[in-house]
Amino acid sequence: MTLTHTMSREIGQSQSRAVPIEAWLVWVLAFAAFSAFLPRDVSYDVAHYQIHNGWALLNDRIHHDFAPADMHSFINPPYNAFVWWLIERLPGPLVSAVLALPQALILPGLFYLTRAISTALTGSATRNVCLFIAAIGFLADGHFSLFASIRNDAWGAAAFIGALALSVREDGSLAGWKRLAVASLIMGAVLGMKGTNLPYTLAFASFVLILAGGHGARLNAALICAAGGFISAALLTVPYAWILWTEFANPVFPMANGLFDSPLGPDAYDAYARRKPDGLLGLLVFPFVFTFNSEIIGSTDLDDVRLLLGYVSAIALLGLLARNRLNKSARPGARLVLALAAAFLIGLFAWMQAFSVLRYYIAGWMLGPVLVFALVLFLTREAVVSHRLRMLGLAAAVPLLAFTGPMDLRRAAWSDFGEPYVSADIPGPERFEDAFILFTGDDPSAFLATQFPASATFGHAVMQDYFRPALENYRPLLRDALWASDRPVYAVMFERKGETGRERMLSRLAMRENLIGRSETCERIPTNFEANDGLWLVCPLERGDEAAKP
């Protein structure tokens, strides 16, 4: 509650701009309750590794299993462990509610930034206008996909926006060292939680360094932020990195193996190469491209121009600031505008070059309306209390709201408030004691490892061709263990509604792994992750001719 407490104390100086802390508290609790009633996210990542990895860490499965979630089995799991800890103790809807609490703070963070921009540029701010701009950002299309979700990308966005808000005073200057330290601890924590938050980290660092006035202030800010960020990041990364180092001689296995040369890792592999723009020109025009062809960044139904408007506004603001500098024309609030525009672009370019996956830079879509607002203020030089400016803001928001809506996402509704987050009715569970269980195919199944007997050994087979090279040198470990044993073997797979997926998967298992199964022996695994689009199956397998083993 640091952010809301700071906002209540500092914004409360002007009643026309004040948002009482009680109001923010009501908002946070209301959003948490709303999230509890929403159908939960059971999309690919959740069923593939988000559930599995936390359970695996808390049960020391790395020494027992063989990458049940394929390459994603080795993603740093402290956040997932916290989620699994909640799942074991709370009803499913309450898990969603707890995880929504940091996400709800995105709205006050956006409000605070908008208010700071308005005050720095015009000397005043109107609460309702700033709240409206913040709400337009909060309702970004991509953000809807993270409602009632255990995926932590909304936490990264909340941390970034909250850290920006903590780092700036009401007058647009850099905050004191205590708030900088808190902000850097937050940013270090989310970087340690998930490496894909690196663009936010770079954007935050640039924001602070630009906002600091003078070399001495920049040095102090850099030291504070570096120390705070390093401490929190190390706490969340070093323990698991040490496990990977001792197991595989690569602390980020299987990634970056060119640096560590682990014999079990790939020679070279980039999981995001298929999404990245090509060359400098491709980088510059990429926001226009993915805005109208969102499949490139991992979404099939995104219809949101917020980030593109922010991109154009940020470039325009930098151009206007450069012109003013050449004309030696000083402008109040110019440093804050420069810091925010530059941070947005640095984060955006880092994200496009490194990942280009929508949810990894969802804060960019949320900040788009704030940057548009800053550009309007910079051009009009009018106070936010202006009636004409209010009308302009409302008119600009209408098309954004008209195209705002929840993205198509696989979700499963709750049957009752006491339902566990994940459950499955494993048929004849005793036969899976001490068995090999292979999660098979392109669709995710590894979450079911939490429901089988703990004595089973889990692995993955017939992975997506795109991810296959990452563990090509690791996979023989599972094959050797499987063929050196006479323990029973089973395949677990997802069969889409209206398709005959089991025959295809069993055929691929026979070709790739020399494991033979018959479709008529497969049994359904009822689970509360079903969403009327298919079902999970378990199929017994037999080892083929040993002479033909892979």
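Section: the overall build of the protein
Right, so step 1: Looking only at helices and strands, one finds 20 helices and eight strands in the protein.
Right, so step 2: Relative to a compact globule of 550 residues, whose C-alpha radius of gyration would be 24 Å, the protein shows 25 Å and is just as compact.
Right, so step 3: Dimensions along the principal axes, computed over C-alpha positions, put the protein at roughly 80 × 50 × 40 Å.
Right, so step 4: A buried classification covers 57% of the 550 residues belonging to the protein.
Right, so step 5: Sequence separation of at least 24 residues holds for 76% of the intrachain contacts in the protein that already meet a minimum separation of 6.
Right, so step 6: When the accessible surface of the protein is split by element, carbon and sulfur atoms take 63% of a total near 22300 Å².
Right, so step 7: Considering the protein, the positive charge centre built from 43 side chains and the negative charge centre built from 46 side chains are found 14 Å apart.

Notes on the nonpolar core
Right, so step 1: Ranked by size, the top nonpolar core spans 169 residues in total, and within it Phe-207, Phe-344, Trp-351, Trp-365 and Phe-529 carry the most contacts.
Right, so step 2: Once residues within four sequence positions are removed from consideration, Phe-344 is found in contact with Leu-307, Gly-310, Tyr-311, Ala-314, Tyr-361, Gly-364, Leu-367 and Leu-371.

What to know about the environment of Leu-367
Right, so step 1: In this structure, Leu-367 sits in helix H17 (residues 362-380).
Right, so step 2: Judged by its relative accessible area of 1%, Leu-367 falls in the buried class.
Right, so step 3: Here the alpha-carbon distance between Leu-367 and Pro-420, two residues 53 residues apart in the chain, equals 35 Å.

A word on unusual backbone geometry
Right, so step 1: For the bond running from Phe-253 to Pro-254, omega is 0°, close enough to zero to count as cis.
Right, so step 2: Here Pro-254 shows up in the loop between helix H12 (215-248) and helix H13 (257-260).
Right, so step 3: For Lys-328, which is not a glycine, the phi torsion comes out positive at approximately 55°.

Things to note about the pattern of salt bridges
Right, so step 1: Scanning the entire structure with this criterion turns up 21 salt bridges.
Right, so step 2: Salt-bridge contacts for Glu-88 lead to Arg-89; the nearest nitrogen and oxygen are separated by 3.7 Å.
Right, so step 3: Measuring nitrogen to oxygen at the nearest pair gives 2.9 Å for the salt bridge that ties Arg-359 to Asp-153. Residue Arg-359 is found in the loop between helix H16 (334-354) and H17, and its partner Asp-153 is found in helix H9 (residues 153-166); the two are separated by 206 residues along the sequence.
Right, so step 4: Overall, Arg-359 belongs to the buried group, its relative accessible area being 16%.

Focus: the pairing of strand S8 (residues 534-543)
Right, so step 1: With eight bridges connecting them, strand S5 (residues 489-496) and S8 associate as antiparallel partners. Bridge pairing in S8 places Arg-496 opposite Gly-534.
Right, so step 2: Of the strand pairs in this sheet, strand S6 (residues 515-516) and S8 are connected by two bridges, and their pairing is antiparallel. Counted as the bridge partner of Ile-516 is Glu-542 from S8.
Right, so step 3: Pairing of strand S7 (residues 523-525) with S8, which is carried by three bridges, proceeds in the antiparallel orientation. What sits directly across from Glu-523, in S8, is Val-538.

What counts and how
- Residues numbered from 1 in each chain as written.
- Predicted model: local features only at pLDDT ≥ 70, side-chain atom pairs only at ≥ 80, totals over all residues.
- Heavy atoms only, no water.
- Helix = DSSP H or I, 4+ residues; strand = E, 2+ residues; numbered from the N terminus.
- Rg over C-alpha atoms; globule rule 2.2 N^0.38 Å.
- Buried < 20%, exposed > 50% of the residue type's maximum accessible area, 1.4 Å probe, protein only.
- Contact = heavy atoms within 4.5 Å.
- Areas by Shrake-Rupley, 256 points an atom, 1.4 Å probe, with all protein chains shown as cover.
- Lys, Arg positive; Asp, Glu negative; His and termini not counted.
- Charge placed at Lys NZ, Arg CZ, Asp CG, Glu CD.
- Core = buried A, V, L, I, M, F, W, Y, C linked by side-chain atoms within 4.5 Å.
- Salt bridge = Lys/Arg side-chain N within 4 Å of Asp/Glu carboxyl O.
- Pairing = 2+ DSSP bridges.

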